[in-house]
Amino acid sequence: MRGGIRLIAVRRLLAALCLAVLAVFIAACGRTQPTATPEMHTFPNVTWFVPASLEEQIYFALRNDSAVVVRASLQSVTAGTEQDKGASASYRAVHKLRFTVHEYLEGSGPNEILVVVRGDWTHSTEAAALAEAEATKSSRNASWDNSQAALFVGLGDPVAGASGASSPRRAALSRLGNLEESAWHYTVDNLSRAWLPARAASGGATGQSANPEFITDGAVSPPPTISLSDLKAKIAGLKAELKAGEGIAGFHECISGRILRERIDRADPLGPLPKSKTLASGLKAGSEIYRYTEPFQDPTYSRVWLKGPDASLFQAVTIDDDQVPSNGYNLGFSTARPLPTGSYRVHHLLQHYSDLPCNFKPDNVYLNWTVTVTAPTGTLHEMFFDPVTVGSAVAADAANGTLKPRAFTGAGGASASISRIAYESGQVKVGVTPDNALAGQTVDFIDLDGTGSLSLSVASATVDAVNDTLSWTVSSAPWADGDKLMVRIHNGTAPAPTPAAPTATRNS
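Residues numbered from 1 in each chain as written. Predicted model: local features only at pLDDT ≥ 70, side-chain atom pairs only at ≥ 80, totals over all residues. Heavy atoms only, no water.

*Asks:* Explain the overall build of the protein here, please?
*Replies:* Helix and strand content of the protein: 5 helices and 28 strands. For the protein, the proportion of contacts with a sequence separation of at least 24, taken over those separated by at least 6, is 70%. As displayed, the protein has an accessible area near 23800 Å², and 53% of this comes from carbon and sulfur atoms. (Helix = DSSP H or I, 4+ residues; strand = E, 2+ residues; numbered from the N terminus. Contact = heavy atoms within 4.5 Å. Areas by Shrake-Rupley, 256 points an atom, 1.4 Å probe, with all protein chains shown as cover.)

Have a look at this one:
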């Protein structure tokens, strides 16, 4: 929703400002710290504070030629240094993790890779850089070093001195935007979860389970896992989805947006936004409940749809007087039928036009509407009446069609109930207990267009006291199977029908 998107932007800005101030404070107070490189960021967004999902890791691997997914075993971890290129000599701490590859789950490459993890800081001497490398190596979480793992990495050049297609390749773990953590936070108990170890120790390439389970979050206990077969299926599923979308304009951007939305929702969940509206009962179908304050101007129409307990009583609408979305249109929702007095709940959701190519329909952020419907003065009771064919009658009761709410307070102040309304053999019959509950009242039947199709005075009814039934003779059938009507029972002063509200110009 637009309001939700704006709120996300505000929260991101506040987080960025707070961290920017913190960065200035650290810079001022920590003058003996090593020099920060341009890789450090001072304006983060909320997605940096949650790990990339498996879908995001897989999507990155599928969309980047150098990225691969492998099942591998760690052979060694070495602390070392690299000299940065530049006018003055500077050195960076590194960890070199050598893996034996057992299987490429996506992509292809050699059977050995050397993952190089580079520190965030540079040092003026090689000794200082090596000291950092040794310290961080001794403090790293080595709990899973003996387990096979699923790795999401980007392959680089062959290791120095090697040659041939099967020679070891340098690689880097896929961090995917978790830039608020140090480069040394590369194990699964941190945010950069490109190294997913198997739950049980492996002991190398032999003695493995045929379907190992890889830990996806080492920060919780027990840790969640995904099996090798499920990981393969996940890769194959996303690959097939991307293949099916080839040639559809905006498809890849749509998938990327879906993945980003999921991550934003975890980082800064918004949830439903409460909204309320009060309107008069009996308004015709199409009476407007809501439209956005600001019109949309998009290449194609965005869409709205409804969910919630009472969604069937309303309809999502697109409002446009010329059918050209680029010069302005609006979205909203309206009634689908006249509504009797009561409180109704409906969720109003938006599918942005950029989400259409891959049919992504986000459903966790929406306008959570409470629509309160009030009856005119003098109204005793109102109810839905959707008759169906029942034998030779067209009727509704507790078991057929819709007749609700049936219970009410009668004209004399006692509890009452309407059990059945029917048309049969030239008569309209209303089953009501007690039979005098409607004394002095008028029974109106209101069509979808808000007009009264039939009005019956209880004073002129024939009363069957034994069966608690009121009946009237009518000249023709007042309704048919499948009609959607509203019943209003009033003392003669309530207007029927109620004037209609403005209507939307085009249904979506």
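*Asks:* Would you mind going over helix H2 (residues 54-63) with me for this structure?
*Replies:* An α-helical turn contains 3.6 residues, so a residue and the one three or four places further along point in the same direction. Within H2 the residues assigned to the buried category are Leu54, Glu56, Gln57, Ile58, Tyr59 and Ala61. Looking at the buried residues of H2, the elements they touch are strand E2 (67-84), strand E5 (149-158), strand E7 (195-197), strand E9 (225-227), helix H4 (228-244) and helix H5 (251-267). (Buried < 20%, exposed > 50% of the residue type's maximum accessible area, 1.4 Å probe, protein only.)

*Asks:* Would you mind showing me how to read the pattern of salt bridges here?
*Replies:* Should their charged atoms come close, side chains of opposite charge can pair. Summed over the entire model, instances satisfying the criterion amount to 22 salt bridges. Of the charged contacts, one joins Asp386 and Lys484 as a salt bridge, the two residues approaching to 4.0 Å between their closest N and O atoms. With Asp386 in strand E17 (residues 379-386) and Lys484 in the loop between strand E27 (469-473) and strand E28 (485-490), this residue pair connects regions lying 98 residues apart in the sequence. Bridged by salt links that share partners, the residues Glu55, Glu241 and Arg258 form one connected network. (Salt bridge = Lys/Arg side-chain N within 4 Å of Asp/Glu carboxyl O.)

*Asks:* Any chance you could explain the packing of aromatic side chains here in plain terms?
*Replies:* The geometry of an aromatic ring pair is captured by two quantities: the separation of the ring centres and the angle between the planes. Applying the stated criterion across every chain yields a total of 14 aromatic pairs. Between the aromatic rings of Tyr290 and Trp369, the centroid separation amounts to 5.0 Å while the plane-to-plane angle is 50 degrees, which identifies the pairing as tilted. Separated by 79 residues along the polypeptide, Tyr290 in strand E11 (residues 288-291) and Trp369 in strand E16 (residues 367-374) bring together distant segments of the chain. Note on Phe314 and Tyr344: the rings are 6.5 Å apart at their centroids and 75 degrees apart in plane angle, and the pair reads as edge-to-face. With a gap of 30 residues between them, Phe314 in strand E13 (residues 314-319) and Tyr344 in strand E15 (residues 342-351) connect regions that are remote in the sequence. You can call Phe314 buried: its relative accessible area is 5%. (Phe/Tyr/Trp six-rings, centres within 6.5 Å; stacked < 30°, edge-to-face > 60°.)

*Asks:* Help me understand the sheet that holds E16 in this model?
*Replies:* Backbone hydrogen bonds hold the strands of a sheet together, and the pairing may be parallel or antiparallel. The 4 strands are arranged E10-E16-E15-E12 in an open sheet whose pairing can be described as mixed. Two strands lie at the open edges of the sheet, namely strand E10 (273-280) and strand E12 (303-307), each paired on one side alone. Put simply, the sheet's adjacent strands are angled 30 degrees from each other on average, direction ignored. Where E10 and E16 come together, 8 bridges link them in parallel fashion. When the sheet's bridge partners are listed, Ala280 is paired in E16 with Thr374. (Pairing = 2+ DSSP bridges. Axes fitted to C-alpha atoms, helices over the stretch in contact; angles between N-to-C directions.)

*Asks:* Honestly, the confidence of the model for the protein in this entry has me stumped. Any pointers?
*Replies:* Caution applies to low-pLDDT parts of the model: their predicted coordinates are not meant to be read in detail. Mean pLDDT over the protein stands at 87; residues scoring 70 or higher make up 85%. Long-range and interchain partners of residues 1-42, a stretch whose pLDDT sits below 50, account for 51 contacts in this model, where long-range means more than four residues apart. (pLDDT = per-residue confidence, 0-100.)

*Asks:* Could you clarify how one ought to interpret the pairing of strand E4 (residues 112-123) in this entry?
*Replies:* A regular strand places its side chains so that they alternate between the two faces of the sheet. Burial runs high along E4: 9 of the 12 residues are buried. For strand E3 (residues 90-106) and E4, the ladder comprises 9 bridges, and the chain directions are antiparallel. Counted as the bridge partner of Phe99 is Ile113 from E4. Here E3 hands over to E4 after 5 residues, with Gly107 in that stretch at a positive phi of 85 degrees. Bridging between E4 and strand E6 (residues 169-173) involves 3 bridges; their strand directions are parallel. Paired with Ile113 across the two strands is Arg169, which belongs to E6.

*Asks:* What am I meant to see in the sheet that holds E28 here?
*Replies:* The strand order across the open sheet formed by 5 strands is E20-E17-E28-E24-E25, and the pairing between neighbours is antiparallel. Whereas interior strands pair on both sides, the edge strands pair on one side only; in this sheet they are strand E20 (402-404) and strand E25 (452-457). Neighbour-to-neighbour, the strand axes of this sheet turn through a mean angle of 20 degrees, independent of strand direction. Bridge count for E17 against E28 is 6 bridges, and the pairing is antiparallel. Bridge pairing in E28 places His381 opposite Ile489.

*Asks:* Sorry, what's going on with the state of the cysteines here?
*Replies:* Under the criterion given, the structure shown has 1 disulfide. Linked covalently through their sulfurs, Cys254 and Cys358 form a disulfide whose S-S length is 2.0 Å. In this structure, the disulfide formed by Cys254 and Cys358 twists by about -70 degrees around the S-S bond and is classed as left-handed. Of the two residues, Cys254 sits in helix H5 while Cys358 sits in the loop between E15 and E16, which places them 104 residues apart along the sequence. Just as Cys254 is buried, Cys358 falls in that class too. (Disulfide = S-S within 2.5 Å.)

*Asks:* Explain the environment of Asp265 to me, please; I cannot follow it from the model alone.
*Replies:* Within the secondary structure, Asp265 sits in helix H5. A sequence separation of 219 residues divides Asp265 from Val46, and the C-alpha atoms of the two residues are 9.7 Å apart.

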